[in-house]
Amino acid sequence: MKVSEPASTYGTSSLQGLKNRLIATIDASTDERKLEQCWELLQGNDMPCLFTDEEFAEEIRLSEASGFISQEEAEAIFAQWGFVR
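Residues numbered from 1 in each chain as written. Predicted model: local features only at pLDDT ≥ 70, side-chain atom pairs only at ≥ 80, totals over all residues. Heavy atoms only, no water.

With that out of the way, let us pick up the overall build of the chain. In terms of regular secondary structure, the chain is built from 4 helices and 0 strands. Moving toward the C terminus, one meets the helices and strands of the chain in the order α-α-α-α. Scored against the burial criterion, the 85 residues of the chain give a buried share of 1%. Carbon and sulfur atoms make up 58% of the accessible area of the chain, which totals about 8100 Å². (Helix = DSSP H or I, 4+ residues; strand = E, 2+ residues; numbered from the N terminus. Buried < 20%, exposed > 50% of the residue type's maximum accessible area, 1.4 Å probe, protein only. Areas by Shrake-Rupley, 256 points an atom, 1.4 Å probe, with all protein chains shown as cover.)

Encoded structure:
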């Protein structure tokens, strides 16, 4: 969308186009876990990734326990881009 265009320019046909792209992506997907995550996101009433401090600490704990990356490793990666905590 261009800045000069009003939001109303994108109406029902744009929404239907988005739905069609989502359906096509879902039909092509074979990753059950990813589809489940999408389902949960679409069904949720809360904004995704909005946590209390306690919930966020638990998410970090679970993430680190999964073995993908530690807090220190994440900070080292972000430091490469100039982000320093």
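What follows is about the pattern of salt bridges. Taken as a whole, this structure holds 1 salt bridge when the rule is applied. The shortest N-O distance in the salt bridge between Arg 61 and Glu 58 comes to 2.7 Å. Here Arg 61 pairs with Glu 58, and both are found in helix α3 (residues 53–65), just 3 residues apart, close to one helical turn. (Salt bridge = Lys/Arg side-chain N within 4 Å of Asp/Glu carboxyl O.)

Looking at the chain, pLDDT values average 79 and 80% of them are 70 or higher. Taking the mean pLDDT of every element in the chain, the minimum, 85, falls on helix α4 (residues 71–80) and the maximum, 89, on helix α1 (residues 12–28). (pLDDT = per-residue confidence, 0-100.)

Evaluation of the coordinates by the stated rule reveals 2 aromatic pairs. Seen from their ring centres, Phe 78 and Trp 81 are 5.5 Å apart, and the 80° between their planes marks the pair as edge-to-face. The class for Phe 78 is partly exposed, based on a relative accessible area of 40%. A relative accessible area of 62% means that Trp 81 is categorised as exposed. (Phe/Tyr/Trp six-rings, centres within 6.5 Å; stacked < 30°, edge-to-face > 60°.)

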